[in-house]
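# Fold and contact review
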Amino acid sequence: DLLGVMEIESALFTYVVALIKTVKPGVKGKRLSTFYRKSFIGQRFKGININSNTATQLYRNLGMDKKVRTDFAKKRLERLSKDAHLIVDGMLKEDNSTINDLSGFSSKSRTKGIKNISIIYAYDPEKREIICSEVFPGGFVDSAAYSRFIQDNDIQNGILITDKGFPPSQIRDELEKRPGLHFLTPLKRNDPRISSNQMLKFEGVLKNTDEKVTYKKVRMKGGNYLYSFWDPKKAFIEEKVYLGTSPDKEGKLDSDKLSKKREQFGTIVFLSDVDMTPEEAYACYSDRWIIELAFKLIKNDLDIHTTDVQDDYTVIGEEFVNTIASMISCRILNIFRDKELMEDASYGDLMEDLSEVWRTSDAPEGTPDREDKYWVHPFEYALDLMIQLDLCTGQVKGQKASGKKSEAKEEQKPEEEKVKRPRGRPRKNPIEPEKPKRPRGRPRKNPPVEDAPKRPRGRPRKNPV
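Residues numbered from 1 in each chain as written. Predicted model: local features only at pLDDT ≥ 70, side-chain atom pairs only at ≥ 80, totals over all residues. Heavy atoms only, no water.

### Some details on the packing of aromatic side chains
In total, this model carries 8 aromatic pairs according to the counting rule given. Here Phe 379 and Tyr 381 contribute two aromatic rings whose centre-to-centre distance is 5.8 Å and whose plane-to-plane angle is 20°, an arrangement assigned as stacked. Residue Phe 379 is classed as partly exposed on the basis of its relative accessible area, which comes to 35%. These aromatic residues form a ring-pair network of at least three members: Phe 229, Phe 270 and Tyr 282. Between the NZ or CZ atom of Arg 359 and the centre of the ring of Trp 375, over which it lies, the distance is 4.3 Å. (Phe/Tyr/Trp six-rings, centres within 6.5 Å; stacked < 30°, edge-to-face > 60°. Buried < 20%, exposed > 50% of the residue type's maximum accessible area, 1.4 Å probe, protein only. Lys NZ or Arg CZ within 6 Å of the ring centre and 35° of its normal.)

### Regarding the sheet that holds strand 5 (residues 181-186)
The strand order 3-2-1-4-5-9-8-7-6 describes an open sheet built from 9 strands, whose pairing is mixed. The open sheet has two edge strands, strand 3 (129-137) and strand 6 (204-205), and neither has a second partner. The sheet contact formed by strand 1 (residues 85-94) and strand 4 (residues 158-161) spans 3 bridges and is parallel. Across the sheet, residue His 85 finds its bridge partner in strand 4, namely Ile 159. Taken strand by strand, helix 11 (residues 278-286) contacts strand 1, strand 4, strand 5, strand 6, strand 7 (214-219), strand 8 (225-230) and strand 9 (267-272), and its axis lies near 75° from that of strand 8. (Pairing = 2+ DSSP bridges. Helix = DSSP H or I, 4+ residues; strand = E, 2+ residues; numbered from the N terminus. Contact = heavy atoms within 4.5 Å. Axes fitted to C-alpha atoms, helices over the stretch in contact; angles between N-to-C directions.)

### Some remarks on the confidence of the model for the chain
Summing up the model confidence of the chain, the mean pLDDT is 80 and the portion of residues at 70 or higher is 79%. Note that residues 400-417 has pLDDT below 50 and, in this model, 19 contacts with residues that lie over four places away or in other chains. (pLDDT = per-residue confidence, 0-100.)

### Topic: the nonpolar core
With 54 residues, the main nonpolar core has Ile 20, Ile 50 and Phe 229 as its most contacted residues. Ignoring sequence-local partners within four residues, the contact set of Ile 20 consists of Val 27, Leu 32, Phe 35, Tyr 36, Ile 41 and Ile 50. One finds Ile 120, Ile 155, Leu 160 and Phe 183 within the second-largest nonpolar core, a separate group that totals 30 residues. (Core = buried A, V, L, I, M, F, W, Y, C linked by side-chain atoms within 4.5 Å.)

### Brief notes about the environment of Glu 129
Relative to the helices and strands, Glu 129 resides in strand 3. For Glu 129, a relative accessible area of 7% gives the class buried. Residues Glu 129 and Asn 334 lie 205 residues apart in sequence; the distance between their C-alpha atoms is 8.7 Å. Polar side-chain contacts of Glu 129 include one of 2.7 Å to the side chain of Arg 76. (Polar contact = N/O pair within 3.5 Å; in protein donor to acceptor, adjacent residues only side chain to side chain.)

### Points about the packing of helix 5 (residues 66-78) against helix 13 (residues 312-338)
Relative placement of two packed helices is described by the angle separating their axes and the distance separating the axes. Running from N to C, helix 5 and helix 13 point in directions that differ by 25°, and their axes come no closer than 12 Å. Comparing their axes, helix 13 and helix 5 come out roughly parallel. The element helix 5 and its partner helix 13 pack so that their crossing is left-handed. Where helix 5 abuts helix 13, its residues Arg 69, Phe 72 and Arg 76 lie against Ile 316, Phe 320, Ile 324, Met 327 and Arg 331. Grouping the constituent residues of the contact of helix 5 with helix 13 by class yields 5 nonpolar, no polar and 3 charged. (Parallel < 35°, antiparallel > 145°, perpendicular 65-115°, else oblique. Left-handed = near helix turned anticlockwise from the far one by under 90°. Nonpolar A, V, L, I, M, F, W, Y, C, P; charged D, E, K, R; others polar.)

### Focus: the side chain of Ser 228
Of note, Ser 228 is situated in strand 8. Residue class for Ser 228 comes out buried when judged on its relative accessible area of 0%. In terms of polar contacts, Ser 228 uses its side chain to reach the backbone carbonyl oxygen of Met 199, at 2.6 Å. Sequence-distant contacts of Ser 228, defined by excluding residues within four places in its chain, comprise Met 199, Phe 202, Thr 214, Tyr 215, Lys 216, Ile 268 and Val 269.

### Comments concerning the pairing of strand 9
Of all 6 residues that make up strand 9, 5 are buried, and the element is covered over most of its length. As judged from the 6 bridges shared by strand 8 and strand 9, these two strands associate in the antiparallel manner. Within strand 9, the residue paired with Ser 228 across the bridge is Val 269.

### Here we look at the packing of helix 13 against helix 14 (residues 347-355)
In the contact formed by helix 13 and helix 14, the axes pass within 11 Å of each other and the chain directions differ by 95°. Judged by the angle between their axes, helix 13 and helix 14 are roughly perpendicular. Here Ser 329, Ile 332, Leu 333 and Phe 336 of helix 13 come into contact with helix 14, specifically with Tyr 347, Leu 350, Met 351 and Leu 354. Class assignment for the residues of the contact of helix 13 with helix 14 results in 7 nonpolar, 1 polar and no charged.

### Describing the pattern of salt bridges
Evaluation of the coordinates by the stated rule reveals 19 salt bridges. Residues Lys 67 and Asp 71 are paired through a salt bridge, measuring 2.7 Å at the closest nitrogen-oxygen approach. One end of the pair is Lys 67 and the other is Asp 71, both in helix 5 and 4 residues apart, which spans about a single turn. Residue class for Lys 67 comes out exposed when judged on its relative accessible area of 57%. By relative accessible area, Asp 71 is classed as partly exposed at 25%. Linking Arg 148 and Asp 152 is a salt bridge whose minimum nitrogen-to-oxygen distance equals 3.4 Å. Taken together, the residues Arg 148 and Asp 152, both in helix 6 (residues 142-153) and 4 residues apart, mark about one turn of the helix. When its relative accessible area of 17% is taken as the criterion, Asp 152 is described as buried. Residues participating in the shared-partner salt-bridge network are Asp 1, Arg 76, Arg 79, Glu 129 and Arg 331. (Salt bridge = Lys/Arg side-chain N within 4 Å of Asp/Glu carboxyl O.)

Here is the structure:
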């Protein structure tokens, strides 16, 4: 995709910087060159003049060239099917710069005295990866940013799954111009349309779901649809939280207020312009939690929760590279999940284990073998992980990085070879039954010679005959 929107040198440079950010979270500009030279990236993509100055210039060029960024997003969006789901959500990133105009106080950060920039992402829950992103000022209203995001990236198809801060009325014009674009958004619990359509009087139970969730579906006069759901597990949790925070100092409750709240605990109502089954509507919004995992990956595992540059263009350009690093990370995360490596290990743990695998620079190209001579301090668990990821050939010997035992079964010894250990604590100097016991007493200084004749009894004569 990068090669389709920019020159090969710029595309390669952008991709390499994104790779470094992926495998070396939180790397600073002045360390890019060092890590490029000592990692496999420098061996795979040779001859790139990468340092703090060239990286900053790359960010500035990308920030100034909006066509490159929008064409890149368009290429990725074109591959989405017409009925694809597209989660659109935003994330705040700390930026206390006094130089750029993007830094500003959001409604969430004003009380903390921290300035932010706002980044809107489009996420594909089917492929489980980020599609594109765009940077907005920290004080920009969410609904206006979403509208601009759709316009700038020319999103034509899909179902936009948003949160309560994004009313569809803000993108009415965009929806009319794009017949293939639809929405599914939750309503606030005090929305009058909920009571006027009696959405809390449920009519059925969802099929093909583990939870016993009740639902109701209503077609409104304008052609839109309302979908309401009640989850008993969530209702229990919400009531428990409410009871822990609402009583006064004497522990008394307002019974009327509690009764009204109980009607809303565990409920959620959606507004959509798509006619679908309640099961489909519930599944669409259930996928939205995935983007929260992606945001967690970006902030924690990639360690890019703050900006590392100053002026507007470099901020926009660096976030474009960070988005590509996030795309790569999402794909790596999908591989870890498909290989069932994340049951007892996190994404960061697995990446750290892989970073401990070193090879000499004169190693031949191609998939290496576990037993070749080009490994440097080869840790068994790391090589096991390499084999499970098809990055290395050979047999799994030790344990997986997750701590589970290897799937390779140990050869069982025949029953006759198995000898039980005797009970009790073993002796420090075990007895050797083959050797005869030493006779009691102190050994003689001059032991008798068995073959010599015995001396006659008595004292020998002084002058023998």
